[in-house]
Amino acid sequence: MPRPKPADISVLSDLCTPWCVHVVATLRIADHIAAGINQIDDLAAASGSNSDSLHRVLRHLVSKGVFEESAPGQYALNEPGRVLLDSPVRLGLDLDGFGGRMAYAWGSLLNAVRTGAPAYSEVFGRPFWQDLQAHPIIAASFDELMGLAGHGTPDPEVLVTGDWESVRTVVDVGGGTGALLVEILRTRPRVRATLVDLPSAVARSGEVFKAAGVAERVTAVGQSFFDPLPAGADLYLLKSVLSEWPDREAGDILRRCGEAARPAGRIVVLNGVTPDEDGDPSPALLMMVLVGGRDRSLEEFRELARGAGLEVHAAGRQPSGRFVIECRPAC
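The numbering scheme is per chain: residues are counted from 1 as the chain's sequence reads. The predicted nature of this model means local features are confined to residues of pLDDT at least 70 and side-chain atom pairs, given and counted, to a pLDDT of 80 or more, with totals for whole chains, interfaces and linings taken over all residues. Excluded from the side-chain calculation are hydrogens and water; included are all heavy atoms of the structure.

## Here's the deal with a nonpolar patch on the surface
The following threshold applies: Patch building starts from residues that exceed 30% relative accessible area and form no salt bridge, then joins like charges within 9 Å and nonpolar side chains (Val, Leu, Ile, Met, Phe, Trp, Tyr) within 5 Å. For the area figures, the Shrake-Rupley method with a 1.4 Å probe applies, and any residue is considered shielded solely by the protein chains shown. For salt bridges, the criterion is a side-chain nitrogen of Lys or Arg within 4 Å of an Asp or Glu carboxyl oxygen. Numbering of helices and strands runs from the N terminus; a helix is a DSSP stretch of H or I covering at least four residues, while a strand is a stretch of E covering at least two. Remark: exposure states derive from per-residue accessible area (1.4 Å probe, protein chains only) relative to the maximum for the residue type, with buried under 20%, exposed over 50%, and partly exposed in between.
Judged by side-chain polarity, L15, W19, Y104 and V123 come together as a nonpolar surface patch covering roughly 380 Å² of accessible area. With respect to the helices and strands, Y104 occurs in helix α8 (residues 98–105). You can call Y104 partly exposed: its relative accessible area is 39%.

Here's what the structure looks like:
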């Protein structure tokens, strides 16, 4: 394996450029340019910003290869600038929405490293989940980023074994507004489903299910997944849930799924577990900062599952590259 090039610390520690990118994304500058507004004074008026300050931010980004200044004070989109038109990118960078929570939370990284616990509350006054409950607009932005707008259409083929014949009922635990269930129900017309998430999330799921034409086959339950779950389903899904919690809470969630799945149900875990320790560590660091969560290796997950009374029966990658694990309650 070739050795990586030496890192440039000045580039890696540059905070100016990332914040400039967040600012122009929040102000929708790329959208304004795409709409034909390209003069700096007009861009400032359209975005509600100061013309001189915006001009300085844009000139910095031009020097870094984002946008072009086709004439003095006149800006155009280039390929990197057009990326800011994409909804998932914009949602993740928008300082007025959940993107702002992610950006400002990095200021607590030092305390998180020193203590081993998230310091999110030191920045925002409340722990992460309580903060979302207290700010419905931010919570809606979070749900949007976690749903179709942020992650695209979910892959409904969630089983490693592909054995759908025995599945008639599915419970999506912590399933947000139901994007994954929509695709499963569209693909599997004989399946019925239950969505479990906090009341604020499931309250927004009705429109999603109705628009998809599957509302009559879904029950939405507004509750914590730390409480007893709807019992007796064939399949329990945990997508992008366990990585948002430390080991103790993640084990409690698995235990609740196992209790509900007994005697013959399955628990499927999507995201947050990898077959080895390779891969991009950045998402896991963000979970550490926000909620004290983490990704886990397959062996770490096996140990966590055993502690919750579960056994791993299958694990593998989907064609999309997502790593999936199937568990069953231990005998």
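What follows picks up the thread again.
## Focus on the pairing of strand β11 (residues 323–329)
Threshold: One requirement defines pairing of two strands: DSSP has to find at least two bridges between them.
The buried fraction of β11 is high, at six of seven residues. Relative to β11, strand β7 (residues 266–270) runs antiparallel, the two sharing four bridges. Looking across to β11, one finds that I267 is bridged to C327. Note: strand β10 (residues 310–317) against β11, seven bridges, orientation antiparallel. Among the inter-strand pairings, R317 is bridged to a residue of β11, identified as F323. Between β10 and β11, which follow one another and run antiparallel, lie five residues, and G321 among them has a positive phi close to 100°.

## Considerations on the packing of helix α4 (residues 40–47) against helix α5 (residues 51–63)
For the record, the criterion: Orientation is described by axes fitted as lines to C-alpha atoms, over the contacting stretch for helices, and by angles from 0 to 180 degrees between their N-to-C directions. For classification, angles of less than 35 degrees are called roughly parallel, those exceeding 145 degrees roughly antiparallel, those between 65 and 115 degrees roughly perpendicular, and all remaining angles oblique. Between two residues, a contact is recorded if the distance between any of their heavy atoms is within 4.5 Å. Three categories are distinguished: nonpolar for Ala, Val, Leu, Ile, Met, Phe, Trp, Tyr, Cys and Pro, charged for Asp, Glu, Lys and Arg, and polar for the others, with Gly belonging to the last.
Closest axis-to-axis distance for the α4/α5 pair is 9 Å, and the angle between their directions is 110°. As the angle between them shows, α4 and α5 are arranged roughly perpendicular. Along the contact surface, α4 presents I40, D41, L43, A44 and S47, while α5 presents S51, L54, H55 and L58. Residue composition of the contact of α4 with α5, by class: five nonpolar, three polar and one charged.

## Some points on the sheet that holds β7
Read from one edge of the open sheet, seven strands run β5-β4-β3-β6-β7-β11-β10, paired in mixed fashion. In the strand order of this sheet, the two ends are held by β5 (218–222) and β10, each with one partner. For this sheet the average axis-to-axis angle between neighbouring strands, irrespective of direction, equals 20°. Here strand β3 (residues 169–173) runs beside strand β4 (residues 192–197); their pairing, made up of five bridges, is parallel. Bridging from a neighbouring strand, V170 pairs with A193 of β4.

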